[in-house]
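# Structural characterization, general
So the chains spell out like this:
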Amino acid sequence: MFLYNVTLQQPSAINCACIGNFSGTKQQEIIVARSSVLELISPNSATGKLNPQLALECFGIIRSMQPFRLTGSSKDYLVVGSDSGRIVILEYNPARNQFVKLHQETYGKSGCRRIVPGQFLATDPKGRAVMIAAVEKQKLVYILNRDSAANLTISSPLEAHKTATITHHIVGVDVGYENPIFAALEIDYSDSDQDPSGEAFENAEKMLTFYELDLGLNHVVRKWSEPVDPRANMLIAVPGGTDGPSGVLVCSENYITWRHQGAPAARVPIPRRPSAIQSSEAGDDRGVIIVTAVVHKLKKDFFVLVQTEDGDIFKLTMDYETSSEGAVGPVTNLKIKYFDTIPASTSLCILKTGYLFNASEFGNHYLYQIENLGDDDEEQMEYSSGDFDSEEDIAVPFTPRPLRNLQPVDEMESLSPLIDAQIHNLAGEESPQIYALCGRGAKSSFRILRHGLEVNEMVASELPGNPNAVWTVKTSARDEYDSYIVVSFVNETLVLSIGEVVDEVTDSGLLTSTTTLTVAQLGEDALVQIYPHGIRHIRSDKRISVWEAPHNKIIVKAVCNQRQVVIGLSGGEIVYFELDASGQLNEYQDRKELAASITALTLGPIPDGRIRTKFLSVGCSDNTVRVISLDPDSCLQMLSMQAVSAMPESLAIAHMQDTGTAAGTLYLNIGLQNGVLLRTTLDSVTGVLSDSRLRFLGTRPVRLFTIRLCGGDAVLALSSRGWLNYVYQGRQCLTPLSYEALEFGSGLCSEQCPEGVVAISANTLRVLTFEKLGSSFNQGIVPLKYTPRRFTLHQASKNFVIIESDYQTLCPSEKGEHMDQDDHELPPDQFGHLRGEAGKWASCIRLVNPFAGETLSLVDLDHNESALSVISCTFHGNQGTYIIVGTAKNLVLAPRSCSEAALRVYRVSHDGGELEFVHSTPVEDVPYALCQFQGRLLAGIGKCLRIYDMGKRKLLRKCENKQFPNVIVSIQTQGDRIVVADVQESCHYAVYQHQDNRIMIFADDILPRFMTSMVMVDYETVIGGDKFGNIFANRLSASISEEIDDDTTGNKLAFEKGVLNGAPYKLDHLAEFFVGETITSLTKTALVAGGREIVMYTTFLGRIGILVPFTSKEDIDFFQTMEMTLRQHQPPFLGRDHLSYRSFFQPCRAVIDGDLCEKYLHTSQLTPDQKSSIAEELERSVHEVAKKIEDMRTRVAF
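Because the structure is a prediction, the values reported are computed rather than measured.

## Comments concerning the overall build of the protein chain
- Helix and strand counts for the protein chain come out as twelve helices and 89 strands.
- The C-alpha radius of gyration of the protein chain comes to 34 Å, within 12% of the 33 Å expected for a compact globule of 1198 residues.
- Across its three principal axes, the protein chain shows a C-alpha extent of roughly 110 × 95 × 65 Å.
- Within the protein chain, contacts between residues separated by at least 24 positions form 55% of all contacts whose residues are at least 6 apart in sequence.
- When the accessible surface of the protein chain is totalled, it reaches about 47,900 Å², and 47% of it is carbon and sulfur.
- In the protein chain, which carries 109 positive and 148 negative side-chain charges, the distance between the mean positions of the two groups comes to 4 Å.

## Regarding unusual backbone geometry
- Cis peptide bonds are those with omega within 30 degrees of zero, and the linkage from S416 to P417 qualifies with -10 degrees.
- In this structure, P417 sits in the loop between β31 (406-412) and β32 (418-424).
- With an omega of -10 degrees, the peptide bond running from A894 to P895 counts as cis.
- Even without glycine at this site, Q808 takes up a positive phi of about 55 degrees.
- As for its position among the elements, Q808 is in the loop between β66 (799-807) and α4 (812-818).
- For N890, which is not glycine, the phi torsion reads 50 degrees and is therefore positive.
- Residue classification places N890 among the partly exposed residues on the basis of a relative accessible area of 38%.

## Looking at the environment of L510
- Positionally, L510 belongs in the loop between β39 (493-497) and β40 (518-522).
- For L510, a relative accessible area of 8% puts it in the buried group.

## A look at the pairing of β40
- Extensive coverage of β40 is indicated by the burial of five of its five residues.
- Neither face of β40 is exposed, since T518, A520 and L522 on one face and V519 and Q521 on the opposite face are all buried.
- Taken together, the five bridges between β40 and strand β41 (residues 526-531) define a ladder with antiparallel strand orientation. Bridge pairing links A520 to V528 in β41.

## Details of the sheet that holds strand β29 (residues 365-370)
- With antiparallel pairing, four strands are arranged side by side in an open sheet as β27-β28-β29-β31. Because the sheet does not close on itself, it has two edges, and the strands there are β27 (345-350) and β31. Averaged over neighbouring strand pairs, the angle between their axes works out to 20 degrees when direction is ignored.
- Of the pairings in the sheet, the one linking β29 to β31 comprises six bridges and is antiparallel in character.

## So, the nonpolar core
- Grouped together as the largest cluster of nonpolar side chains are 43 residues, with contacts concentrated most on Y4, I1104, I1106, F1119, M1122 and Y1160.
- When residues of this core are assigned to their parent elements, the largest contribution, five residues, is made by helix α8 (residues 1113-1129).
- Residues V519, L724, Y728 and A759 belong to the second largest nonpolar core, which totals 42 residues.

## Considerations on the packing of aromatic side chains
- Under the definition given, this model contains 35 aromatic pairs.
- Measuring from centroid to centroid gives 5.9 Å for Y366 and Y368, while their planes differ by 35 degrees, and the two rings are tilted.
- Ring centres of Y989 and F1002 lie 6.2 Å apart, and the angle between their planes is 85 degrees; on these two criteria the pair is classed as edge-to-face. Placement of the pair is Y989 in strand β79 (residues 987-993) and F1002 in strand β80 (residues 998-1004), with a sequence separation of 13 residues. Each member of the pair Y989 and F1002 is classed as buried.
- Against the face of F1133 rests K101, its NZ or CZ located 5.7 Å from the ring centre.
- Across from the ring centre of F1032, 4.0 Å away, lies the NZ or CZ of R1009, which sits over that ring.

## Description of the sheet that holds strand β74 (residues 936-941)
- An order of β73-β74-β75-β76 is seen for the four strands of this open sheet, with the pairing classed as antiparallel. Two strands close off the open sheet at either side, each with one partner strand: β73 (927-933) and β76 (956-961). Within the sheet, the average angular offset between the axes of one strand and its neighbour, ignoring direction, is 25 degrees.

## A look at the packing of α8 against helix α11 (residues 1168-1177)
- Close contact between α8 and α11 brings their axes to 10 Å; oriented N to C, the two are set at 145 degrees. Considering the relative orientation of α8 and α11, their crossing is right-handed. Residue-level contacts link M1122, T1125, L1126 and H1129 of α8 to Q1170, S1173, I1174 and E1177 of α11.

## Some details on the environment of R113
- Within the secondary structure, R113 sits in the loop between β9 (98-106) and β10 (120-123).
- With 958 residues separating them in the primary sequence, R113 and A1071 have C-alpha atoms 26 Å apart.
- At 2.6 Å, the side chain of R113 forms a polar contact with the backbone oxygen of S110.

## Observations concerning α8
- Relative to the 24 Å expected for 17 residues at 1.5 Å per residue, α8 spans 24 Å between its end C-alpha atoms, a close match to the ideal helical length.
- Here α8 has its buried residues at D1115, I1116, F1118, F1119, M1122, E1123, T1125 and L1126.

## Points about a nonpolar patch on the surface
- On the surface, a cluster of nonpolar side chains totalling about 260 Å² of accessible area is made up of F1010, F1028 and F1145.
- Topologically, F1145 is positioned in the loop between α9 (1138-1142) and β89 (1151-1153).
- Classification of F1145 by relative accessible area gives partly exposed; the value is 41%.

## Observations concerning the environment of F696
- Examined against the element boundaries, F696 turns out to sit in strand β56 (residues 689-696).
- A sequence separation of 23 residues divides F696 from S719, and the C-alpha atoms of the two residues are 9.8 Å apart.
- Once residues lying within four places of it in the same chain are set aside, the contact partners of F696 are N674, G675, V676 and W723.

## Concerning the pairing of strand β60 (residues 731-738)
- Of all eight residues in β60, six are buried; the element is thus mostly enclosed.
- As defined by bridge partners, strand β35 (residues 453-454) adjoins β60 across two bridges and the pair is classed as parallel. Paired with L453 across the bridge in β60 is L737.
- Judged from the six bridges that link them, strand β59 (residues 722-728) and β60 form a sheet pairing that is antiparallel. Bridged to V727 within β60 is Q732.
- The loop that links β59 with its antiparallel partner β60 comprises two residues; one of these, Q729, has a positive phi angle of about 50 degrees.

## Side note on the state of the cysteines
- Considering all chains together, one arrives at zero disulfides under this definition.
- There is no disulfide at C749, and the cysteine sulfur nearest it, in C753, is 8.2 Å away.
- Take C944: it sits in no disulfide, and the sulfur closest to it among the cysteines is that of C959, at 9.1 Å.
- Overall, C944 belongs to the buried group, its relative accessible area being 3%.

## Some words on helix α6 (residues 1038-1046)
- When we look at burial in α6, the residues that qualify are I1040, S1041 and I1044. For α6, the angular spread of buried residues about the axis comes to 100 degrees, placing them on one side. Residues of α6 that are exposed and point over 90 degrees away from its buried face: A1038, E1042 and D1046.

## Structural notes on the packing of α8 against helix α12 (residues 1182-1194)
- Here α8 crosses α12 at 110 degrees, and the two axes come no closer than 12 Å. Classified by the angle their axes make, α8 and α12 are roughly perpendicular. Between α8 and α12 lies a crossing whose hand is left-handed. Across from D1115, F1118, F1119 and M1122 in α8, the residues of α12 making contact are V1185, K1188, I1189 and M1192.
- By residue class, the composition of the contact of α8 with α12 is six nonpolar, no polar and two charged.

## Quick notes on the pattern of salt bridges
- All chains considered together, the criterion is met by 60 salt bridges.
- A salt bridge links E186 to R222, with the nearest nitrogen and oxygen atoms 3.0 Å apart. Pair noted here: E186 is in strand β16 (residues 181-188) and R222 is in strand β18 (residues 219-228), with a separation of 36 residues, a long-range link.
- Look at E186 and you get buried, because its relative accessible area is 3%.
- On the accessibility criterion, R222 (39% relative accessible area) is partly exposed.
- Of the charged contacts in the structure, one is a salt bridge between D377 and R401, with a shortest N-O distance of 2.8 Å. Note that D377 is positioned in the loop between β29 and β30 (382-384) and R401 in the loop between β30 and β31, a separation of 24 residues in sequence.

Rules used in this analysis
- Residues numbered from 1 in each chain as written.
- Predicted model: local features only at pLDDT ≥ 70, side-chain atom pairs only at ≥ 80, totals over all residues.
- Heavy atoms only, no water.
- Helix = DSSP H or I, 4+ residues; strand = E, 2+ residues; numbered from the N terminus.
- Rg over C-alpha atoms; globule rule 2.2 N^0.38 Å.
- Contact = heavy atoms within 4.5 Å.
- Areas by Shrake-Rupley, 256 points an atom, 1.4 Å probe, with all protein chains shown as cover.
- Lys, Arg positive; Asp, Glu negative; His and termini not counted.
- Charge placed at Lys NZ, Arg CZ, Asp CG, Glu CD.
- Buried < 20%, exposed > 50% of the residue type's maximum accessible area, 1.4 Å probe, protein only.
- Pairing = 2+ DSSP bridges.
- Axes fitted to C-alpha atoms, helices over the stretch in contact; angles between N-to-C directions.
- Core = buried A, V, L, I, M, F, W, Y, C linked by side-chain atoms within 4.5 Å.
- Phe/Tyr/Trp six-rings, centres within 6.5 Å; stacked < 30°, edge-to-face > 60°.
- Lys NZ or Arg CZ within 6 Å of the ring centre and 35° of its normal.
- Left-handed = near helix turned anticlockwise from the far one by under 90°.
- Polar contact = N/O pair within 3.5 Å; in protein donor to acceptor, adjacent residues only side chain to side chain.
- Expected span 1.5 Å × (residues − 1).
- Patch = residues over 30% accessible without salt bridge, like charges linked within 9 Å, V, L, I, M, F, W, Y side chains within 5 Å.
- Salt bridge = Lys/Arg side-chain N within 4 Å of Asp/Glu carboxyl O.
- Disulfide = S-S within 2.5 Å.
- Arc of directions from axis to C-beta.
- Parallel < 35°, antiparallel > 145°, perpendicular 65-115°, else oblique.
- Nonpolar A, V, L, I, M, F, W, Y, C, P; charged D, E, K, R; others polar.

In structure tokens form, the structure reads like this:
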């Protein structure tokens, strides 16, 4: 077995985010880290939209990153800490839209280790130095400067190590232009190590330490150290110099304290929700901690926004003295006030344009507009450090309310955390849908993912009849926006003006009494209309010139650009017109006669600085496409010809910016009547056609239209489904539209819609836009109540049953006891559920209709009962399908225990809209895994595997095996064979013996694995994933498998001696691959009609990927060579060795990294020379290599 790994969707969770002027302009950009992906996002200050500009797969775990700017510079650089054991400094090049590595300095071993720096990163506010620290012991400081050529330089590392010290956080202290100082929150455990009684551990002090970098002596010293609250978890640097009092804010549980060397501390309590204060008084003292913060400087002041783990944001301001000379004194008063509540985040970024970016810890990410700074909010109390004793322990409340100061303006969809996923084609579409459980708590969701680009419908209006074509035109070449929408019917033409109101126009000069073949803006300020019996040339002064078609002939096809017009007459005759210097449309002296009738025409775009395009493409009824020259020296001479498999329906020549340079590539797109799109490269000098690519789009003939998107050409292809071919971040994408079938389209440029499409469908006119370019899936969202755990499909009704449960959350009955009659529950979607003490669970079972996106039935579980597993099961002799739900009461996760557990049986009502309770069967341990098995139920009850049958009052126990090591988390079956995944000991193969009614384990893995998901690929092979991000494939030897099947009595197996304290046989290890994120689901499926079966996996952080099996030795050799060559030519960006990254825990084996191979297709990451060099080593052309890589993906996925 040899597999090819491809990522369909990059992880959507954001580990950390930072903001800066990375392009060197006044425009601020946001850089986010998504596991191993660096992404640059450009916020549009005018529209409030987040526009992703660049995404870079780094093949390394990004642990920390910080922006910095050298003194006097206008551009920010990015310093990144990763698992590579190297510090990397990056610069963004906006011209090529790529990151450039300026420096890469090695300081330690690779991997996420305790004593190797990379976990913490801090920069000096003046950009003079950077500190990178490990969790334990090591801290390194690098001095940053510039040389005589103004290039960034970095020094050798200066050590600031301290043995037996654990670091919790570091920041760069703003001290102006004095020696740089870094503050660290650390604790010394040397005494705790030597004291077996534990007394030293209890008395260990957490210290706030200032490290000073002496730029004159070039070394680092510990300047100042003071004990702080042992529960301190975070530091915030306060502006210094002339901007503020300097120092740091120490965030601890329930309090924020300002500390600085030589100054008294100022402490203020963090306000709490009234419910949290009530819980504290009742004995559940769950404090409030700060998880993220952002400092924003104003012209003469600054403020700090801090966010708690519940999502509540507080605004911190300070009172301090300022002398007449500008010297700033210590803080005299620290004030805190409630600001707003948004989802808990990993990073907050404030833009100078008044926006706040929230990188959510779970769920979607948001961009908010700051409408108010909260100073005039008189409803909220402002607490001051001067009002409280510095040693007093006090809790102060605030009043939660809906958003007042922040207004959401944009949203980035995120699947993280993606807990479980299944693939079904319930809607009967061309490609199956992915159904996923996402989110945490009250913001959880059930998502339906369809392959396609989301389409925003701005306008949909009915027309008086069924049109057959639509165009948009400008009245002048100098106009920025289109002026008219021209709609053609069977025997008339309708002209509409574009503005605030769309009205019919009667004085445009266009002939409205006939159908129109095409309309365009000609020359500087003229229009041309082509209809079956002639050409109408309308000048700006309304003078009209008409060219009439020859007698007994009509115009069947026509095409024009700003200076050229080509028409195809019935009988296969081509007539060419060109605009002269005086604005007159002149016919070329000769005409081109073709042997077959004309079915399609297209003209190429006019290159910059030229007055005409050189190429005309003609599709003929003899299944050929010809390229004809329009150059004056060889006008109407045929340059090349290509035979196609069906009659051409439509043609489009597009200039795509997919080379990373202004030259781009010229493509001839051919839409055939059999629903196939053929894309061929058109040589811009000779007109020769080469490198053809095929793609089946639908059952109808393909119509092609060139539109503008992302500042370049794009092709809209319409068949039984619409498709869009465009360039995104230097790579070509061909994506279906998640919209109903369209019949005709044209690009639209207006003030409200700069890059849109006007299209027709039946008798309606639609104005559409595409905003989420680059995304593979269009999402439908059903909100949920609690964190989803598992779900199953009820086949008869095509509804899903979802189980949800949340820890430390009050169930409905207990919630009523805790709340007074006067209390009002806060909206859970903003503030979350009412928190309970440890050991409390809230859970429910939900029946969802995926088509309507609505909840049909909701069953709340009470008395601290939580649902953990679910399956739909059909029993022998019982009509209908039952829903089995595994539950536990008073569940404790570690050590695992519960007061009682049960298997609850439900039935879906005949109308499919209700869950009806049947009965409940008590079990002795937590049921984590359920599976249907030969008309019975196979249940994993703790470490016991048991078979149940349906009874009238409860499930009947039939057979069991208690020999599994820990906890069963997943079960898969084929025939009598059962594969069981253990939470800690990988997978086990067992067989059910019918004669003796017993389950016997006969094979297991040689490696312990912490399993999270598993799928049987065939009778002998299983692919599994673990919580550390590894995917592996194991196979039972064919001879052993046959031997087990032949032993019908099971006597031989019963007396086999175990090997290595396990089963008598061991599984063969076939493949191993490190993804980098916890695997949450594995599914064997086919993603495209007629495609091969593949294995799709999902990860906790939202990544969706596939494993494609190779079918030929030739492909394996090609991609192995390709992978090795790319490792040499394009090493990972953060300094991590690619092979060692993919072998993080176990050596990578029998899996090709398709994400690395697809870097060959990204123009922003490989230059044309590098591509040619790689192709030479592979003994193929550049086009052949690119086609091979594209085919590997498109044949099985999208």
